[in-house]
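# Notes for the structure review
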Amino acid sequence: MFTSLKGRSVIVTGASKGIGRGIARRFGAVGCRVLVVARDLPAAKAAANEIEAMGGSARTFAGDVTRFDDMEAMAQTAIDAFGGIDILCANAGIFPSAKLGEMTERDFDMVLGTNLKGTFLAVTACLPAMRAKRHGRIILTSSITGPVTGYPGWAHYGASKAAQLGFMRTAAIELARQGITVNALLPGNIVTEGLAEAGEEYKNRMTASIPMRRLGSVEDVANAALFFATEEAGYITGQSLVIDGGQILPESLAALAD
Ligand code: NAP
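Now for a quick tour of the structure. It should be emphasised that the depicted structure is a prediction, and the values quoted were computed from it without experimental measurement.

## Describing the overall build of the protein chain
When helices and strands are counted, the protein chain shows 8 helices and 7 strands. Against the 2.2 N^0.38 benchmark of 18 Å for 258 residues, the protein chain shows a C-alpha radius of gyration of 18 Å, consistent with a compact globule. In terms of its C-alpha atoms, the protein chain occupies a principal-axis envelope of roughly 50 × 45 × 40 Å. Across the 258 residues in the protein chain, those meeting the buried criterion constitute 48%. In the protein chain, the proportion of contacts linking residues at least 24 apart, taken out of those at least 6 apart, comes to 73%. If you sum the accessible surface of the protein chain, you get close to 12200 Å²; carbon and sulfur atoms cover 55% of it. Taking the average place of the 25 positive charges on the side chains of the protein chain and the average place of its 25 negative ones, the gap between the two points comes to 5 Å.

As structure tokens, this is what we get:
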């Protein structure tokens, strides 16, 4: 049994949809007070309403992780509403596809600006509140794509997700003596609203490449986030946890034959 996280103040960026929404719901279910952050306020409100309908506590903030003034206002909103910031889930991310030769400088800057710089800005904005309490949990949503694997069309995305881990390792050292841990989630293929658009064929192909023969759920990722947030995970920092049903394990297609 882990120590209860009831009453903890949690910020989840990119919490209006997909993995972030699942993480926000999970923290809400264990009694945390959750700030749901996304650019689209009505979508963020729908996610917050879902948490409140389960008996949880949630507020919303409309902000863009690429803007530092937004991230500072986000942190202040959590401080005003919940009295501080205990846990930051820097989850917001984008994954537009473009192969080399088609990928523009703008595409590259947009993906790195959101996924990498957005992580840096969210963390920087939340640090003063965590430092004041000499306690904090920072949980980044990276990916298997980049740190471990590659996928055509995602050179910029993979670079951003691998770079998040480089950022994490030094941040973990710098913050270790202030009681703040920094860890990363590396999801594989997770079922989200966005995956529906990729079509059945893509879904079937990805499922066939996973030893557990199922795609991940947002709950699978949220449970790992919850673990990193516990008191009991307090001696773990600068680490990444792969949540992928064994997807990165096979060394060839033969390893997946029945
Ligand atoms: P998603 O369903 O598209 O949701 C993305 C969330 O991020 C939305 O809430 C979106 O809301 C928000 N967002 C995007 N750009 C933002 C910005 N500039 N500022 C603030 N919020 C922003 O994505 P997802 O699949 O759940 O992915 C979430 C994270 O998991 C990403 O970091 C992604 O790289 C990672 N990941 C996903 C998978 C997967 O299989 N789905 C696998 C590995 C890693 P607004 O558009 O309203 O801002």
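Next comes the rest of the description.
## Re helix H4 (residues 105–133)
The terminal C-alpha atoms of H4 lie 41 Å apart, and with 29 residues this matches the ideal 42 Å at 1.5 Å per residue to within 8%. Along H4, the largest kink reaches about 40° and is centred on Leu 127; proline Pro 128 follows within four residues of it.

## Description of the pairing of strand E5 (residues 136–141)
If a strand is regular, its side chains alternate between the two faces of the sheet. Of all 6 residues in E5, 6 are buried, a share of seventy percent or more. Burial of E5 is two-sided: the residues Gly 136, Ile 138 and Leu 140 facing one way and the residues Arg 137, Ile 139 and Thr 141 facing the other way are all buried. The pairing of strand E4 (residues 87–90) with E5 spans 4 bridges and is parallel. Looking across to E5, one finds that Ala 90 is bridged to Leu 140.

Conventions and cut-offs
- Residues numbered from 1 in each chain as written.
- Predicted model: local features only at pLDDT ≥ 70, side-chain atom pairs only at ≥ 80, totals over all residues.
- Heavy atoms only, no water.
- Helix = DSSP H or I, 4+ residues; strand = E, 2+ residues; numbered from the N terminus.
- Rg over C-alpha atoms; globule rule 2.2 N^0.38 Å.
- Buried < 20%, exposed > 50% of the residue type's maximum accessible area, 1.4 Å probe, protein only.
- Contact = heavy atoms within 4.5 Å.
- Areas by Shrake-Rupley, 256 points an atom, 1.4 Å probe, with all protein chains shown as cover.
- Lys, Arg positive; Asp, Glu negative; His and termini not counted.
- Charge placed at Lys NZ, Arg CZ, Asp CG, Glu CD.
- Expected span 1.5 Å × (residues − 1).
- Bend = angle between axes of the 7 residues up to and from the residue.
- Pairing = 2+ DSSP bridges.

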